[in-house]
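Structural overview
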Amino acid sequence: MERPMAALKKKKSFTGAFVLILSCMAIAGWSNTWDGIKRQAGNIHTVQSDFIQEKHLKILNKPLISKGRFFFSAPDSLRWEYASPVQSILLMHEGKSRRYVIRDGVMVEDSAANLQAMQVVISEITQWLHGRFNANPDFHATLEPGPQVLLTPKEAALAKMIEKIELNLSDQPGLMKSVVIHEGKDTFTLLNFINPTLNQAINKDLFLSVE
Amino acid sequence: MKNLLVVSSLFLSMVSCGSLPEPAVVDDYDQTRCSRPYIDGTWRFVHAIQAEMRPGKKGFFMGVTRISPEKKSIRCVMMTIEGFVLLDATTAKNALTIHRGVSPFDSRHFVQGLMEDIKLAFFKPPGQPLKAGTFEDGLFVCRYKSPDGRITDIVTGDNSAWEIRRYNKNKTLSRSIKASKPEKLSGQGGTWLPGRIEIKAHGMHEYLLTLDLIESELIAEQP
């Protein structure tokens, strides 16, 4: 391989899009109208939930399953933690982002992640928390039956990375059932949220440290 | 004199670390040792990948590969830890197709290099060894020479671990691939698979990729 690391060193703006999706979990989201969503959004302070992630690829006979838990506290604190198959923790707090991966029992910081891009996207979270889907310049947002919020990229560059995102709202106000991120034909990620809870106190240290 | 010592030390260091060592040749040997690193059939692997660009700076990825040594084909998908696809590419009979690539992973130069590393790890060099023998440290080597003059050493010890070393035409070490943490798979012909593979690039643009096996599957269909 000739100079592949030069490529790896470059920024990975796609990671920012992932954070954008995570922020959707904090959408205070059940409603059939934008006004209803915005109204519920104002009541959201924290969200925490287990999740099961299915990665579907044409190359795979069965999806690659990841499991974990996330914590969100308004306005901009997030801990997104995978327990398997690769133990990793993404921390975001007050505009700073870090990712750690556990290898051989040791926590190793990911220095290649484009954390600056994450910080840019975090600034969007407040908008999402308030149900201001149309305030995000990167996506068109439409409210579909289900209820479902459908996000489609405005720019071709982003569409190359993400075709669309489906946010399936729960019957319980303020919660989501699942998120489907369509990257392309035969390639999508399904996030199912399990046992979510709203507005329970979350220790601030969870967003500051991986311990 | 001091400068001479420094230069001499540097030279010896370069020779010991990067030049082509000569084995004590043996004529009668177990030829299966030359095949130890290589799999039969078409396999699908899922790896956790650690990429070290420079000391202490590490990035993490997930990799899914479908490899058929018989057909000389590889399909490779690289993702972020969160599952975003950065690269989906196929190489078959030296034809490279990039199905999906997110910049900078859409660079053909990058993808060709990646595929070359995978080929080196999983495709046995064609033909018969140029020679075989033992190094001073007791390790056994099967040495192959490609038509373009590059040398590939397949180095094995008494256990199931192995190392592949690739030397340039000028006999300097350019790649080393080291397997460790062997996992014997029951129900799949008792195949030994390395739980960890380390791919190291030597020279001007050094890097280290560490691949930890998450899933493996012997599949019937061809890529």
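Above: the structure in question.
Residues numbered from 1 in each chain as written. Chains lettered and ligands numbered in written order. Predicted model: local features only at pLDDT ≥ 70, side-chain atom pairs only at ≥ 80, totals over all residues. Heavy atoms only, no water.

1. Concerning the overall build of chain A
This is how the line gets drawn: To qualify as a helix, a DSSP run of H or I must reach at least 4 residues; to qualify as a strand, a run of E must reach at least 2; elements of each kind are numbered from the N terminus. When a residue's accessible area, from a 1.4 Å probe over protein chains only, is under 20% of the maximum for its type it is buried; when over 50% it is exposed; and in between it is partly exposed. Every accessible area reported is derived by Shrake-Rupley at a probe size of 1.4 Å, with residue values counting cover from the shown protein chains alone.
Within chain A, the regular secondary structure consists of 5 helices and 11 strands. Split into buried and exposed, the 211 residues of chain A put 54% on the buried side. Element-wise, carbon and sulfur atoms account for 49% of the exposed surface of chain A, whose accessible area totals about 9,100 Å².

2. Focus on the interface of chain B and chain A
Just so we agree on the cut-off: We call two residues contacting when some pair of their heavy atoms lies within 4.5 Å. Summed over both partners, buried area is the accessible surface (1.4 Å probe) that two parts give up on being assembled. Basic side-chain nitrogens of Lys or Arg form a salt bridge, by our definition, when they fall within 4 Å of a carboxyl oxygen of Asp or Glu. Residue polarity follows a fixed list, in which Ala, Val, Leu, Ile, Met, Phe, Trp, Tyr, Cys and Pro are nonpolar, Asp, Glu, Lys and Arg are charged, and the others, Gly among them, are polar.
Taken together, the contact pairs 54 residues of chain B with 46 residues of chain A. Both sides together, the interface formed by chain B and chain A hides about 4,200 Å², and carbon and sulfur atoms give 66% of it. Sorting the residues of chain B by area buried against chain A places Phe60, Glu82 and Phe84 of chain B first, and these three jointly supply 19% of that buried surface. On inspection of chain B and its partner chain A, the count reaches 5 salt bridges. Note that Arg196 of chain B and Asp104 of chain A form a salt bridge whose closest N and O atoms lie 2.8 Å from each other. At the level of secondary structure, the elements contributing two or more residues to the side of chain B that touches chain A comprise β2 (42-54), β3 (57-68), β4 (73-79), β5 (85-92), β6 (95-101), α2 (108-122), β11 (173-185) and β13 (207-219) of chain B. Here the side of chain B that touches chain A gets 9 residues from one element, more than from any other, and that element is β3 of chain B. In terms of residue class, the side of chain B that touches chain A is built from 23 nonpolar, 12 polar and 19 charged.

3. Considerations on the environment of Asn199 of chain A
Residue and element names in this part refer to chain A. In plain terms, the rule: Two N or O atoms count as a polar contact when they lie within 3.5 Å, although within protein this holds only if one can serve as hydrogen donor and the other as acceptor, and sequence-adjacent residues are included solely when both atoms are side-chain atoms.
Of note, Asn199 is situated in the segment after β11 (187-198). For Asn199, a relative accessible area of 37% gives the class partly exposed. Separated by 155 residues in the primary sequence, Asn199 and Ile44 have C-alpha atoms spaced 6.4 Å apart. One polar contact links the side chain of Asn199 to the main-chain amide nitrogen of His45, over a distance of 2.6 Å.

4. A look at α2 of chain B
Residues and elements named next belong to chain B. The line we're drawing: Helix span, expected: 1.5 Å multiplied by one less than the number of residues in the helix.
Between its terminal C-alpha atoms α2 stretches 21 Å, which fits the 21 Å expected from 15 residues at 1.5 Å a residue. For α2, a buried count of 11 out of 15 residues is recorded, marking the element as mostly surrounded by other parts of the structure. Listing the buried residues of α2 in full gives Phe110, Val111, Gly113, Leu114, Met115, Asp117, Ile118, Lys119, Leu120, Ala121 and Phe122.

5. Regarding the sheet that holds strand β6 (residues 106-109) of chain A
Residues and elements named next belong to chain A. For clarity, the cut-off: Here the rule is simple: two strands pair whenever DSSP picks up at least two bridges between them. In this analysis, axes come from line fits to C-alpha atoms, helices being fitted only over the stretch in contact, and the angle between any two N-to-C directions falls in the range 0 to 180 degrees.
The sheet built from 11 strands is open, its strands ordered β6-β5-β4-β3-β2-β1-β11-β10-β9-β8-β7 with antiparallel pairing. Both outer strands of the open sheet, β6 and β7 (139-144), are each paired with one neighbouring strand and no more. Recorded for the sheet is a direction-independent mean angle of 20 degrees between the axes of neighbouring strands. Across 6 bridges, the pairing between strand β9 (residues 164-169) and strand β10 (residues 176-184) is antiparallel. Bridging from a neighbouring strand, Ile165 pairs with Ile181 of β10.

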